[in-house]
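Below are the chains, spelled out letter by letter.
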Amino acid sequence: MAGAALKRLMAEYKQLTLNPPEGIVAGPIKEENFFEWEALIMGPEGTCFEGGVFPAELIFPPDYPLNPPKMKFKCDMFHPNIYADGRVCISILHAPGDDPMGYESSAERWSPVQSVEKILLSVVSMLAEPNDESGANVDASKMWRDDREQFNKRAQILVRKSLSL
């Protein structure tokens, strides 16, 4: 299975280099290991994360694309859908099939038709529009809902920090 996964990841990397989505750079950390990627995600325009450059890693399972990668930001992030340790909590990265909690439909979860590009674009959308009903970071979810001004100030600190300012 790892052979098929490697072939798929190589094809996706080629596609990302030929036609990169705006504000995203991604690829294997080392050429000899296509199962560990790094990504740089620019904060979406018109959001409190605008101007930031946020590094992340994606770790792909040997049976990719049957199962999703794990994604984690490698910098400080304060966001309703990002755990304190940087792990991203978004439907597209949840295992395929029915949600045991009944919150997500199977159509929202991972399927082999998804791609690295779709994951990264979904994360950009998530930065712009958090899902505060499914909070990985309860404090961030509460602040997003109840004190948007304070949330935006906290995000701006992260933007400056991401640029080493």
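Residues numbered from 1 in each chain as written. Predicted model: local features only at pLDDT ≥ 70, side-chain atom pairs only at ≥ 80, totals over all residues. Heavy atoms only, no water.

Visitor: Whenever I open this one, the overall build of the protein chain confuses me. Can you help?
Guide: When its secondary structure is counted, the protein chain shows four helices and four strands. Ordered by position from N to C terminus, the α and β elements of the protein chain give α-β-β-β-β-α-α-α. If you line up the protein chain on its principal axes, its C-alpha atoms span 50 × 40 × 25 Å. With 165 residues in all, the protein chain has 42% of them scored as buried. In the protein chain, the proportion of contacts linking residues at least 24 apart, taken out of those at least 6 apart, comes to 56%. As presented, the protein chain carries roughly 9100 Å² of accessible surface, and 53% of it is formed by carbon and sulfur atoms. Side chains of the protein chain give 17 positive and 24 negative charges; the mean places of these two sets differ by 3 Å. (Helix = DSSP H or I, 4+ residues; strand = E, 2+ residues; numbered from the N terminus. Buried < 20%, exposed > 50% of the residue type's maximum accessible area, 1.4 Å probe, protein only. Contact = heavy atoms within 4.5 Å. Areas by Shrake-Rupley, 256 points an atom, 1.4 Å probe, with all protein chains shown as cover. Lys, Arg positive; Asp, Glu negative; His and termini not counted. Charge placed at Lys NZ, Arg CZ, Asp CG, Glu CD.)

Visitor: Help me out: how do you make sense of the pattern of salt bridges in this one?
Guide: A side chain with one charge can pair with a side chain of the opposite charge if their charged atoms come near. Within this structure, the stated rule accounts for seven salt bridges. Between Lys142 and Asp146 there is a salt bridge, with its nearest N and O atoms 2.9 Å apart. Here Lys142 pairs with Asp146, and both are found in helix H3 (residues 138-146), just four residues apart, close to one helical turn. Exposure remark for Asp146: the relative accessible area of 52% places this residue in the exposed category. The partner of Glu149 in a salt bridge is Lys153, and the shortest N-O contact between them spans 3.6 Å. (Salt bridge = Lys/Arg side-chain N within 4 Å of Asp/Glu carboxyl O.)

Visitor: Hey, could you run me through the nonpolar core in this one?
Guide: Note that soluble globular proteins tend to have their nonpolar side chains buried in a common cluster. Trp37, Phe49, Met71, Phe73 and Leu120 are the most contacted members of the largest nonpolar core, which has 41 residues in total. Residue assignment for this core shows that the elements contributing at least two residues are helix H1 (2-18), strand S1 (24-30), strand S2 (33-42), strand S3 (53-59), strand S4 (70-73), helix H2 (116-128), H3 and helix H4 (148-162). Sorting elements by how many residues they give to this core places H2 first, with seven residues. Beyond its immediate stretch of four places on either side in the chain, Phe49 contacts Gly43, Pro44, Phe54, Met77, Phe78, His79, Leu127, Phe151, Ala155, Gln156, Leu158 and Val159. (Core = buried A, V, L, I, M, F, W, Y, C linked by side-chain atoms within 4.5 Å.)

Visitor: Would you mind going over unusual backbone geometry with me for this structure?
Guide: Excluding glycine, residues mostly carry a negative phi; peptide bonds, for their part, are mostly trans. Following Tyr64, the chain continues to Pro65 via a peptide bond in cis, the omega torsion being 10°. Checked against the element boundaries, Pro65 lands in the loop between S3 and S4.

Visitor: I keep staring at the sheet that holds S2 and nothing clicks. Help me out?
Guide: By way of backbone hydrogen bonds, the strands of a sheet pair with one another, either parallel or antiparallel. What the four strands build is an open sheet, ordered S1-S2-S3-S4; its pairing is antiparallel. With one partner strand each, in any of the chains shown, S1 and S4 form the two edges of the open sheet. Across the sheet, the mean angle from the axis of one strand to that of its neighbour is 25°, orientation sign disregarded. Alignment of S2 against S3, held across seven bridges, turns out to be antiparallel. The partner of Ile41 across the bridge, within S3, is Phe54. Along the sheet face, H2 touches S1, S2, S3 and S4 and points at about 30° away from the line of S2. (Pairing = 2+ DSSP bridges. Axes fitted to C-alpha atoms, helices over the stretch in contact; angles between N-to-C directions.)

Visitor: Explain the pairing of S1 here, please?
Guide: Strand residues, when the strand is regular, have side chains that alternate between the two faces of the sheet. Here S1 runs beside S2; their pairing, made up of six bridges, is antiparallel. Paired with Val25 across the strands is Leu40, a residue of S2. The turn linking S1 back onto S2 is made up of two residues.

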